[in-house]
Amino acid sequence: MTVHLEVAEGVGTLRLDRPPMNALDIATQDRLKELAEEAARRDDVRAVVLHGNEKVFAAGADIKEMQAMDHAAMVARSRTLQDSFSAVARIPKPVVAAVNGYALGGGCELALCADHRVAAENARLGQPEIKLGLIPGAGGTQRLARLIGPSKAKDLVFTGRVVDAAEALALGLVDRVVPAGEVYARAHAWAAELARGPALALRAAKEAIDAGLETDLEAGLTIERNAFAGLFATEDRERGMRSFVEEGPGKAKFV
């Protein structure tokens, strides 16, 4: 298998395992979708880490496989390609990408599906599809523009240039830069902390933010209002407020 789901103490690690560069071929895309949907369903997975290995996150699509595809074949495949990445973006739990080495093309697009990105000092990110006579096809033109703004996204997509970790941080493409040997541990710590939090409130927060970005402010406020009110029916809300009143802030233990 080219993707694995490893679960421990509430954190599920979706790990790419297709040496040497974790190229995202069709089989890997399909397996990624399968395991992302499993992580979304499983009650013992409360947060997710996306990871490759200590040397590379994912260097992009399998170009040799794509070269053999004509227009008709890609028309048939492109929706499934996007769906495999969207399955990660739709995981209703906190998702963090631990980015070592290269995250290019599809690898960068996969990192964009996370809620938070921790990158190694030696990380290199970009959307170089233009150099193949293509554009990003797994969400890159859409998620990148929403994350860093259209002008900066166009610079990266139009030129196909690869940015280092420092520039990626300045652009807002990644959220934290750490030494290479600490990437997975730091990403896992972020996920583990949230795995101990109120699962329904975290789900509602993610859904409200993501859905709100797709609409106008008034509609977004309606989404937020409904989610906020709905949480008053949960045990986590009762537990959190009771702990605050009886013990002070930040001491609630959610189950």
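The rules behind the values
Residues numbered from 1 in each chain as written. Predicted model: local features only at pLDDT ≥ 70, side-chain atom pairs only at ≥ 80, totals over all residues. Heavy atoms only, no water. Salt bridge = Lys/Arg side-chain N within 4 Å of Asp/Glu carboxyl O. Helix = DSSP H or I, 4+ residues; strand = E, 2+ residues; numbered from the N terminus. Buried < 20%, exposed > 50% of the residue type's maximum accessible area, 1.4 Å probe, protein only. Pairing = 2+ DSSP bridges. Axes fitted to C-alpha atoms, helices over the stretch in contact; angles between N-to-C directions. Contact = heavy atoms within 4.5 Å.

**Quick word on the pattern of salt bridges**
For the structure on display, the rule yields 15 salt bridges. Close ionic contact of Asp30 with Arg77 constitutes a salt bridge, the shortest N to O distance being 2.9 Å. With Asp30 in helix H1 (residues 26-41) and Arg77 in helix H3 (residues 71-89), this residue pair connects regions lying 47 residues apart in the sequence. Overall, the relative accessible area of 12% leaves Arg77 in the buried class. One connected set of salt bridges, linked through shared partners, spans Arg18, Asp25 and Asp62.

**Section: the sheet that holds strand E6 (residues 116-120)**
Read across the open sheet, the six strands follow the order E1-E2-E3-E4-E6-E9; overall the sheet is mixed. Looking at the sheet topology across the chains shown, the edges are occupied by strand E1 (3-8) and strand E9 (176-178). In this sheet, adjacent strand axes meet at a mean angle of 20° when their direction is disregarded. One ladder, built from four bridges, connects strand E4 (residues 95-99) with E6; its direction is parallel. For Ala98, the partnering residue across the bridge sits in E6 and is Val118. The sheet strands contacting H1 are E1, strand E2 (11-16) and strand E3 (47-51), and the helix crosses E1 at an angle near 20°.

**A closer look at the environment of Gly52**
Counting through the fold element by element, Gly52 comes out in the loop between E3 and helix H2 (63-67). Sequence separation between Gly52 and Arg15 is 37 residues; the distance between their C-alpha atoms is 5.3 Å.

So, to be careful, I would describe these as geometric facts and stop short of saying anything about function.
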